[in-house]
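Each chain, letter by letter, is given below.
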Amino acid sequence: MVAVKHLGKGYGGKILAAEMEILGKIRHRNILKLYACLLKGESSLLVLEYMPNGNLFEALHIQIKDGKPELDWNQRYKNSLGAAKGIAYLHHDCSPPIIHRDIKTSNILLDEDYEPKIADFGVARFAEKSKKQLGYTCLASTHGYIASELAYTTEVTEKSDVYSFGVVLLELVTGREPIEEDYGEAKDIVYWVLTHLNDHESVVNILDDRVASDETETVNKDMIKVLKIAIKCTTKLPSLRPTKQCELSDYGAYNVTEPPIDAPQDSLYKTEREIMKVIRLTDFGAQEVDATTLVFFVIQE
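Since we're looking at a predicted model, the values are computed, not measured.

Rules behind the numbers
Residues numbered from 1 in each chain as written. Predicted model: local features only at pLDDT ≥ 70, side-chain atom pairs only at ≥ 80, totals over all residues. Heavy atoms only, no water. Helix = DSSP H or I, 4+ residues; strand = E, 2+ residues; numbered from the N terminus. Areas by Shrake-Rupley, 256 points an atom, 1.4 Å probe, with all protein chains shown as cover. Core = buried A, V, L, I, M, F, W, Y, C linked by side-chain atoms within 4.5 Å. Buried < 20%, exposed > 50% of the residue type's maximum accessible area, 1.4 Å probe, protein only. Contact = heavy atoms within 4.5 Å. Expected span 1.5 Å × (residues − 1). Polar contact = N/O pair within 3.5 Å; in protein donor to acceptor, adjacent residues only side chain to side chain. Phe/Tyr/Trp six-rings, centres within 6.5 Å; stacked < 30°, edge-to-face > 60°. Lys NZ or Arg CZ within 6 Å of the ring centre and 35° of its normal. Salt bridge = Lys/Arg side-chain N within 4 Å of Asp/Glu carboxyl O. Pairing = 2+ DSSP bridges. Axes fitted to C-alpha atoms, helices over the stretch in contact; angles between N-to-C directions. Parallel < 35°, antiparallel > 145°, perpendicular 65-115°, else oblique. Left-handed = near helix turned anticlockwise from the far one by under 90°.

(A) View of the overall build of the protein. Tallying secondary structure elements over the protein gives 10 helices and 12 strands in all. In the structure as shown, the protein presents an accessible area of about 15,000 Å², 49% of it carried by carbon and sulfur atoms.

(B) The arrangement of the nonpolar core in detail. Within the largest apolar cluster, 72 residues are counted, with the highest numbers of intra-cluster contacts made by Ile26, Ile31, Trp73, Ile98, Ile118 and Phe121. In contact with Phe121, not counting residues within four places along its chain, are Ala18, Glu19, Ile22, Leu23, Ile26, Ile31, Leu90 and His100. By size, the runner-up hydrophobic cluster in this structure holds five residues, among which are Val2, Ala36, Leu38 and Leu45.

(C) Seen up close, helix α3 (residues 73-93). Here α3 contains 21 residues, and its C-alpha end-to-end distance of 29 Å stays within 8% of the 30 Å for a straight helix at 1.5 Å per residue. Across the 21 residues of α3, 16 count as buried, placing the element largely inside the fold. With a side-chain oxygen positioned 3.2 Å from the backbone nitrogen of Asn74, the residue opening α3 is Asp72.

(D) Structural context of the side chain of Asn55. Tracing the backbone through its elements, the reader meets Asn55 in the loop between β4 (43-49) and α2 (56-61). Classification of Asn55 by relative accessible area gives buried; the value is 12%. Of note is the side chain of Asn55, whose polar atom sits 2.8 Å from the backbone nitrogen of Glu58. Residues in contact with Asn55, not counting those within four places in the same chain, are Thr105, Ser106, Ile108, Leu109 and Leu110.

(E) Seen up close, the environment of Pro238. Following the sequence through the fold, Pro238 ends up in the loop between α8 (217-233) and α9 (244-251). Aside from chain neighbours lying at most four places away, what touches Pro238 is Glu149 and Lys159.

(F) Structural view of the side chain of His28. Considering the arrangement of structural elements, one finds His28 in the loop between β2 (26-27) and β3 (34-40). Reaching out from His28, the side chain makes a polar contact with the backbone nitrogen of Asn30 at a distance of 2.9 Å.

(G) Spatial organisation of the packing of aromatic side chains. Taken as a whole and assessed by the stated rule, the structure comprises two aromatic pairs. Ring centres 5.8 Å apart and planes at 35 degrees place the aromatic pair Tyr183 and Trp192 in the tilted group. In this structure, Arg176 packs its charged tip against the face of Trp192, placed 4.2 Å from the ring centre. Taking NZ or CZ as reference, Lys187 lies 4.5 Å from the ring centre of Tyr191, over its face.

(H) Summary view of the pattern of salt bridges. On inspection of all chains with the given rule, the structure shows 11 salt bridges. Its salt-bridge partner being Glu115, residue Arg29 comes within 3.8 Å of it at the nearest N-O pair. Within this pair, whereas Arg29 is found in the loop between β2 and β3, its partner Glu115 is found in the loop between β8 (108-110) and β9 (116-118), the two being separated by 86 residues in sequence. Residue class for Arg29 comes out partly exposed when judged on its relative accessible area of 45%. With a relative accessible area of 13%, Glu115 lands in the buried category. Of the charged contacts, one joins Glu180 and Arg176 as a salt bridge, the two residues approaching to 2.8 Å between their closest N and O atoms. Look at Glu180 and you get partly exposed, because its relative accessible area is 23%.

(I) View of the pairing of β4. Burial of β4 is extensive: six of the seven residues sit out of reach of the surface. Relative to β4, strand β1 (residues 2-7) runs antiparallel, the two sharing six bridges. Looking at β4, one finds that Ala3 is bridged to Leu48. Two elements, β3 and β4, share six bridges in a ladder whose sense is antiparallel. Each bridged residue has a counterpart across the sheet, and for Leu34 the counterpart in β4 is Leu48. In this antiparallel pair of consecutive strands, β3 and β4, the connection spans two residues, and Gly41 shows a positive phi of 60 degrees.

(J) Layout of the packing of helix α4 (residues 158-174) against α8. In the contact formed by α4 and α8, the axes pass within 8 Å of each other and the chain directions differ by 150 degrees. Overall, the two elements α4 and α8 adopt an arrangement that is roughly antiparallel. Remark: the crossing between α4 and α8 carries left-handed chirality. Listed contacts from α8 to Val162, Tyr163, Gly166, Leu169, Leu170 and Val173 of α4 are Met223, Val226, Leu227, Ile229, Ala230 and Cys233.

Put into structure tokens, the structure is as follows:
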């Protein structure tokens, strides 16, 4: 089973080019796979790896089972570590480095085992091209995840991704959303957390009690450890934020980072007839696409 992402008229061109250029060249267990791209007229379709458990935002904030959160702390920790590995791969193992520019819980998808996969590379940039690639000058990222320095500069670096990931960690630890009314006008979760660090009791009180209460002391210690990493990541000065490799060291997981896996040199281009045997778009409720419109197809095994 695969997922089909439709990019509509007028919107899809630059997004499609970015996703094809980046996802067609990289592979990592914590990054969503691109299988195929199909064009018809001014519309385009991306055929992607299917993620049966939706995204991390839904798992944290929407889907509740029997009054309990869908994700316990062990699963959240696994999600944070996997996402950190994926971003570390983009920043340190890709050449040139890749800046995602829209890290958020809704762009972290979950497979059948709740393994996280970084998705949606439509506004991503290679670091050396971040100012000019594809003619983008607008601010990317999402409200609540935007690094503070982007208020006064358009220069995007890997440290902008680090800030956004720090917000993701705060969501995992507190169970709260990046923007909520009780934070105050024009305030966000970063501000709210920083106002609750006066003493140990205050810190414990901001932990998500759905996974922290009635648990072992080890869980609380682990949650506080991740909270500390999140605070480092969301520091106002970009130069003081850790690299993704340093974050993994804080997790105690640096040695299990994975080496880069380049896309196959002999990509498997198939004939139009063979492609249509593999992908029947009508199975996904999509409009039937004539075989003559298939212009790109690559499988990464």
